[in-house]
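Given next are the chains, with one letter for each unit.
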Amino acid sequence: METPWKISRGPIAATELDVQKANAINSMLIRPVGVLPAKPGDPVLPFAVGLFNELRPLLKPDAGVTTLRRATAAYVHCRRYYFASAQPDSMRHNIDGQPVEPLSVEDRLVAQKRFLSLKQSAKAEAPEPAPVPSPVLSKNEQIRAALLRGRKSTVS
């Protein structure tokens, strides 16, 4: 797969988990930022290059830069963020959520590959449903079932 997708899926809606990750970031900042989804269904917006440097000055005094970096990484390295970034019409957004530039073809292709890789690994990790064991019949029940099957075939 060397070519990026050509058909857009439109805006990629945030899930509850995406919003929780966004809230973790916003909770460390002195004000919420518009580039992060506020509720499920809000679009997942790819960040402008260098956006983390704009987040750092908004960090609350009691929050650490490393914690902010980890929370931001958890958000941008998830499937839906990569999916949003891989779209043919995807744009990078500033801290207020305004589009600033389209993602490059190279960045979209990387996002597409990572999305597909995460999707594949999620399928591989999905537990298969446990097979339901057939009921164990006693010898008497097996004989009775066989006799009843024979009786039904003679009556029909």
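Cut-offs and rules
- Residues numbered from 1 in each chain as written.
- Predicted model: local features only at pLDDT ≥ 70, side-chain atom pairs only at ≥ 80, totals over all residues.
- Heavy atoms only, no water.
- Helix = DSSP H or I, 4+ residues; strand = E, 2+ residues; numbered from the N terminus.
- Buried < 20%, exposed > 50% of the residue type's maximum accessible area, 1.4 Å probe, protein only.
- Contact = heavy atoms within 4.5 Å.
- Areas by Shrake-Rupley, 256 points an atom, 1.4 Å probe, with all protein chains shown as cover.
- Core = buried A, V, L, I, M, F, W, Y, C linked by side-chain atoms within 4.5 Å.
- Phe/Tyr/Trp six-rings, centres within 6.5 Å; stacked < 30°, edge-to-face > 60°.
- Patch = residues over 30% accessible without salt bridge, like charges linked within 9 Å, V, L, I, M, F, W, Y side chains within 5 Å.
- Salt bridge = Lys/Arg side-chain N within 4 Å of Asp/Glu carboxyl O.
- Lys, Arg positive; Asp, Glu negative; His and termini not counted.
- Charge placed at Lys NZ, Arg CZ, Asp CG, Glu CD.
- Axes fitted to C-alpha atoms, helices over the stretch in contact; angles between N-to-C directions.
- Left-handed = near helix turned anticlockwise from the far one by under 90°.
- Nonpolar A, V, L, I, M, F, W, Y, C, P; charged D, E, K, R; others polar.
- Polar contact = N/O pair within 3.5 Å; in protein donor to acceptor, adjacent residues only side chain to side chain.

As named in an unreviewed UniProt entry, the chain is ProQ/FinO family protein, taken from Rhizobium croatiense.

Chemist: Outline the overall build of the chain, listing residues and values.
Modeler: Across its full length, the chain carries six helices and two strands. In the chain, the order of α-helices and β-strands from amino to carboxyl end is α-α-α-α-β-β-α-α. In the chain, which comprises 156 residues, the share counted as buried stands at 32%. Sequence separation of 24 or more characterises 72% of the internal contacts of the chain that already satisfy a separation of 6 or more. Carbon and sulfur atoms provide 58% of the accessible area of the chain, an area that totals close to 10,300 Å².

Chemist: Any chance you could break down the nonpolar core for me, citing the residues and the numbers?
Modeler: Among the nonpolar cores identified, the biggest contains 31 residues, and V33, L36, F47, L68 and Y75 are the most heavily contacted of them. Those elements that provide at least two residues to this core are α1 (16-26), α2 (51-55), α3 (65-76), α4 (79-86) and α5 (105-125). When residues of this core are assigned to their parent elements, the largest contribution, five residues, is made by α4. Contacts of Y75, omitting those with residues within four sequence positions, involve D18, K21, A22, I25, L36, P37, V44, L45, F47 and Y81.

Chemist: Kindly report on the packing of aromatic side chains, identifying the contributing residues and their values.
Modeler: Counting across every chain of the model gives six aromatic pairs. Taking 5.8 Å as the distance between ring centres and 80° as the angle between the ring planes, the aromatic pair formed by W5 and F83 counts as edge-to-face. Taken together, the positions of W5 in the segment before α1 and F83 in helix α4 put the pair 78 residues apart, joining distant regions of the chain. Between F47 and Y75 the ring centres are 5.8 Å apart and the planes differ by 20°, which places this aromatic pair in the stacked class. With a gap of 28 residues between them, F47 in the loop between α1 and α2 and Y75 in helix α3 connect regions that are remote in the sequence. Accessibility assignment for this pair places F47 and Y75 in one class, buried.

Chemist: Lay out a positive patch on the surface with the relevant residues and their values.
Modeler: There is a patch of like positive charges on the surface, built from R9, R79, K119 and K123. Along the chain, R79 turns up in helix α4. Residue R79 is classed as partly exposed on the basis of its relative accessible area, which comes to 38%.

Chemist: Quick one: what's the story with the packing of α4 against α5, residue by residue and with numbers?
Modeler: Here α4 crosses α5 at 145°, and the two axes come no closer than 8 Å. Handedness of the crossing formed by α4 with α5: left-handed. Between α4, through R79, Y82, F83, S85 and A86, and α5, the contact on the second element is made entirely by R108, A111, Q112, R114, F115, L118, K119 and A122. When its residues are assigned to classes, the contact of α4 with α5 shows seven nonpolar, two polar and four charged.

Chemist: Which residues make up the side chain of S85, and what are the values?
Modeler: Relative to the assigned elements, S85 resides in helix α4. On the basis of relative accessible area, S85 is assigned to the buried category, the value being 5%. When residues no more than four places from it in sequence are discounted, the contact partners of S85 are P46, S90, L103, R108 and A111.

Chemist: Break down the side chain of T72 for me, with residues and values.
Modeler: Relative to the helices and strands, T72 is located in helix α3. Residue classification places T72 among the buried residues on the basis of a relative accessible area of 8%. Only 2.8 Å separates the side chain of T72 from the backbone oxygen of L68, close enough to count as a polar contact. In contact with T72, not counting residues within four places along its chain, are I25, F47, F52 and L55.

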